[in-house]
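Chain residues, written in single-letter form:
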Amino acid sequence: MADSHSHHDLDYLTSLSTHFSRLPNFGSEPGQEKYDVVAAIDFGTSFSGFAFSFNHRDGSEEIYMNREWGSAQGYSTLKTPTCLLLNPYKKFVKFGFEAAEKYAELEDAKDKKFYCFDRFKMMLHGSEATLNRNSLLHARNGKPMRALDIFSKALAFLKDKALERIHKQSGVEYTAKEVRWVVTVPAIWKQSAKQFMREAAYEAGLSSSINSDQVIIALEPEAAAVYCRQRKLREFVEEKGDEIVKDTLVPTKTQYLVIDNGGGTMDITAHEIEDGDTINEIYHATGGEFGGTKVDKEFQDQLDQIFGKIFMNEFRRAHPSDWLELMNDFEVKKRSDRVMTGEITRIRLPANFINLLRHESEGNYNAIIKKHLGKDYDDEEVKISKDYLCLGPRTMKRLFEPAITSIVDHLKDLLKEKDLREVKLLFLVGGFSESPLLQARIREVFNRKYSILIPNDAQTAVVKGAVMFGKRPEIVVERCLSETYGTEIYQEFIPHYHDFRKMVMIEGEAMCKDIFSILAKENEKVKRGQYKKTFKYNPVRRSQTAVSFSFYTSRTPNVRYITDEGVRKLPGYFTVASPDTSKGTNRSIELRLYFETELKVVGMDLETGNQASTHIDFLSQMV
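Residues numbered from 1 in each chain as written. Predicted model: local features only at pLDDT ≥ 70, side-chain atom pairs only at ≥ 80, totals over all residues. Heavy atoms only, no water.

1. Quick notes on the pairing of strand 23 (residues 503-506)
Let me state the cut-off plainly: Two strands make a pair as long as DSSP finds a minimum of two bridges between them. Helix and strand assignments follow DSSP, with helices taken as H or I runs no shorter than four residues and strands as E runs no shorter than two, numbered in order from the N terminus.
Relative to strand 24 (residues 509-520), strand 23 runs antiparallel, the two being bridged by 4 bridges. Counterpart to Met503 in the pairing with strand 24 is Cys512. The loop that links strand 23 with its antiparallel partner strand 24 comprises 2 residues; one of these, Glu507, has a positive phi angle of about 50°.

2. Digging into the layout of surface pockets
Rule in force here: Lining residues are defined by having an atom within 4 Å of a point belonging to a cavity or pocket. Those points lie on a 1 Å grid over the protein atoms alone, cavities being sets where a 1.4 Å probe fits but cannot get out and pockets being open sets with protein on both sides within 12 Å along at least five of seven lines. Grid points are joined across faces, edges and corners, and a volume is the space filled by probe spheres set on the points. Note on residue categories: nonpolar means Ala, Val, Leu, Ile, Met, Phe, Trp, Tyr, Cys or Pro, charged means Asp, Glu, Lys or Arg, and polar means any other residue, Gly included. Where each domain begins and ends follows an automated or database-derived domain assignment.
Its boundaries defined by the atoms lining it, the second largest pocket holds a volume of some 630 Å³. Lining the second largest pocket are 26 residues, with Asp118, Arg119, Arg140, Trp323 and Leu324 positioned closest to its centre. Those elements that place two or more of their residues in the lining of the second largest pocket are helix 1 (97-108), strand 8 (115-118), strand 9 (136-138), helix 6 (293-307) and helix 8 (320-333). Looking at the lining of the second largest pocket, the element that brings in the most residues is helix 8, giving 6 residues. Among the residues forming the lining of the second largest pocket, the class breakdown is 14 nonpolar, 5 polar and 7 charged. Composition of the lining of the second largest pocket by domain shows at least three residues from each of domain 1 (37-218) and domain 3 (292-399).

3. Focus on the sheet that holds strand 19 (residues 423-429)
Heads up, the rule is: An axis is simply a line fitted to the C-alpha atoms; with a helix, the fit covers only the stretch in contact. Between two such axes, the angle follows the N-to-C directions and lies from 0 to 180 degrees. Two residues form a contact once any of their heavy atoms are found within 4.5 Å.
Read from one edge of the open sheet, 7 strands run 20-19-13-14-15-21-25, paired in mixed fashion. What marks the edges here is a single partner per strand, and that holds for strand 20 (451-453) and strand 25 (525-527). Direction aside, neighbouring strands of the sheet carry axes that sit 25° apart on average. As paired strands, strand 19 and strand 20 are joined by 3 bridges and run parallel to one another. Residue pairing across strands places Phe427 opposite Leu453, the latter belonging to strand 20. Against the sheet, helix 11 (residues 393-414) engages strand 13 (255-261), strand 14 (266-274) and strand 15 (278-288), with an angle of about 35° to strand 14.

4. Examining unusual backbone geometry
For clarity, the cut-off: Working definition: with a 1.4 Å probe on protein chains only, accessible area under 20% of the residue-type maximum means buried, over 50% means exposed, and in between means partly exposed.
The backbone of Lys386 shows a phi angle near 55°, a positive value even though the residue is not glycine. With respect to the helices and strands, Lys386 occurs in the loop between strand 17 (382-385) and strand 18 (388-391). The backbone phi angle of Glu507 is positive, close to 50°, even though this residue is not glycine. Topologically, Glu507 is positioned in the loop between strand 23 and strand 24. Given the relative accessible area of 37%, Glu507 is considered partly exposed.

Limitation: the analysis is restricted to geometry and does not speak to function.
Structural data, given as structure tokens:
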């Protein structure tokens, strides 16, 4: 590649060799350096939480979670809403249930100066082309704020809460530096989003770039797989027995999918078990925006149909805290199995909702419903009874249908891939996987060909598995790349092969510019702890004293030029000093890519031994 500003600064020419080698010993492997505590933060779209475990010498593997979220609001849950409240000076105020409740009170009081952010994790999905350190998010009051600051403040709260709970459990006041931290991210996220979360973790005080191995970025389905394989059969829905899953259903060479159905996205990875109880990824991660929040959106649209958009907009505007209460009650009720047994789902309507509706309908609530639904009105399916909105099973099923259909269709297409023909088992994890409707549909469609295992605590499988992964990160040996990576070079121009429009003259030689030199292809399997020694490059000009590499990704593995459709330039670049010009262009610069959860690059001038290394900077702004 070269300097991002000018083709005249491009620094290399041809490829010489490629092979795999063992990772040189740059220090202890993650997991080898023992911390007293391993703590995992599950930063979710709708809900977040943490879990932790101690590295006891007696081998104890017990995992602890905070079970007191929402106690002040009458809840007792293992997670809290991903909702952050800041004061007008952008200082932290509250997070979770408390933040949502406090902001609703402020809205009731017409106070628009505070910053409130909720479900903001989704801004990282699909934003790889524009995401950078200065990306902005807008609060509910419309005011912008740097996204990295928002994420770091949320992570800082969860870190402090975890340390507080660790102290309560152990009686020891551990500092953040004494804890191995694991932060979970969706497997379908691109590298820019993974790097964003790492840097947010640094700003939150979990660690720093100097001690980067202290923070592990774990892929959510992989973490869940580690957890599920260690469970007993009786810990899964509709299963019995004390046998451990990995010993019975998932022996060596077994292939399986982990389907993580969360609040915002569905996230799928495909694994094969290898000797030594390690995991290889056999197909790159897939998924989409098919999470449980789609059901919430359908419910909100249903309310607009039942009561009219004008009424609902007025209620949301005038009584935001009551709107929050109504949605919280729906969040609880949508996980019920009442729809499976043909029973009515009863959602409590706040007093202000009833009062506003009384004013509109003169007390005849169901007449208003009939007016808005018209010929679709059915009092067995939609009615108000004793201040409850009563929805019949057919209506409730319709709310779930778009999300469930998207999930099933994606799975059908995915399982047709030739690389997945030997898959025998499907694990369903994540909060949305606790939906009886989703479980029933998955079993109905896939049960004949695949074993289907759903842990009873599906919503916490990721965070508990992340703790286990933090103790043994080397368990994941091989991953599949989700994109094709390359660098920009010049090559000797070959008539009738290269595009004539890309021919340039450099020091008297005809060269082809814009060549996409492939470093690693989509779906290529790369082993953790190995590097792929990519091509060796020569400087373009005899007098060059530095070589700059730019990096690109492509949606297709058979890319030729950096100008091809689907190619995206990654921001930032990487420079290797090559001061010895005595050999002119007959000097070799070697690139190595290290594949962990993130992507590390090492460049070396083979003439002088000068070396530079970095994680590819996916967050620098293009200039």
